[in-house]
Amino acid sequence: MTFPHRLLAFSTLLSIYFTSGVLAQHPDNVRRLLNTNECRGCDLRGANLEGANLSGAILTGATLSGANLKGANLSGADLKGANLRGADLTGANCSDVMRDETTFMPACGTAAAQ
């Protein structure tokens, strides 16, 4: 394989990795959330959870700052103490979300708030 072909193959693999839906600083936490619907206190900064069904998820104390939650179903999710600063909630369903005075959450259905 020639150098240009190797470079193209490497670039393609990087593109697949960074658009795979598990882009976060802690991808194990993303997998845990998607598999169990629970991730208390997890670091999910920058996670791509676009369109994810997180209905009833337990995310107390989780850090979701900068996360992509476009079109995600967060109905009934427990977000007490969670930080969603800068999260993109465009088109997300946030009905019956549980939060408290320590929860930082931009208006649901809106783009990222800083």
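None of the values given here were measured: they were computed from a predicted structure.

**Student:** Explanation requested: helix 2 (residues 27-36) in the structure shown.
**Tutor:** Residues three or four positions apart in an α-helix share a direction because the helix packs 3.6 residues into each turn. Turning to helix 2, its buried residues are Asn29, Val30 and Leu33. The arc that holds the buried residues of helix 2, viewed along the axis, is 105°, so those residues lie on one side. Turned more than 90 degrees away from the buried face of helix 2, the exposed residues are Asp28 and Asn35.

**Student:** It is not clear to me how the state of the cysteines should be interpreted in this structure. Could you clarify?
**Tutor:** Cysteine pairs can be linked by a disulfide, which is a covalent bond between their two sulfur atoms. What the rule picks out here adds up to two disulfides. Each sulfur of the disulfide joining Cys39 and Cys42 lies 1.9 Å from the other. Between Cys39 and Cys42, the S-S dihedral sits near -85°, and the bridge is therefore left-handed. When its relative accessible area of 0% is taken as the criterion, Cys39 is described as buried.

**Student:** Explain the environment of Gly46 to me, please; I cannot follow it from the model alone.
**Tutor:** Along the chain, the position of Gly46 falls in the segment after helix 2. By relative accessible area, Gly46 is classed as partly exposed at 33%. Distance from Gly46 to Leu64, taken between C-alpha atoms, is 6.9 Å for residues 18 residues apart in sequence.

**Student:** Sorry, what's going on with the pattern of salt bridges here?
**Tutor:** Side-chain pairs of opposite charge can arise where the charged atoms are in close proximity. Under the definition given, this model contains six salt bridges. Ionic pairing is found between Glu38 and Arg32, a salt bridge with its closest N-O pair at 3.1 Å. Residue Glu38 is classed as buried on the basis of its relative accessible area, which comes to 18%. With a shortest N-O distance of 3.6 Å, Lys80 and Asp78 are connected by a salt bridge. A residue is classified by how much of its surface remains accessible, and Lys80, at 34% relative accessible area, is partly exposed. One continuous salt-bridge network, built from bridges that share partners, spans Arg32, Glu38 and Arg40.

Definitions and cut-offs
- For every chain, the first residue of its written sequence is number 1, and the numbers climb from 1 along that sequence.
- With pLDDT at 70 or above as the cut-off, local features in this predicted model cover only qualifying residues; side-chain atom pairs require 80 or more to be listed or tallied, and sums for whole chains, interfaces and linings still use all residues.
- Water and hydrogen atoms play no part in the side-chain values, which are based on all heavy atoms of the structure.
- Each residue is placed in one exposure class: buried if its accessible area under a 1.4 Å probe, protein chains only, is under 20% of its type's maximum, exposed if it is over 50%, and partly exposed if it falls in between.
- For helices the rule is a DSSP run of H or I covering at least 4 residues; for strands it is a run of E covering at least 2, with both sets numbered from the N terminus onward.
- Arc definition: directions from the helix axis to the C-beta atoms.
- Note that a disulfide, as used here, is simply two cysteine sulfur atoms within 2.5 Å.
- By definition, a salt bridge exists where a carboxyl oxygen of Asp or Glu is found within 4 Å of a side-chain nitrogen of Lys or Arg.

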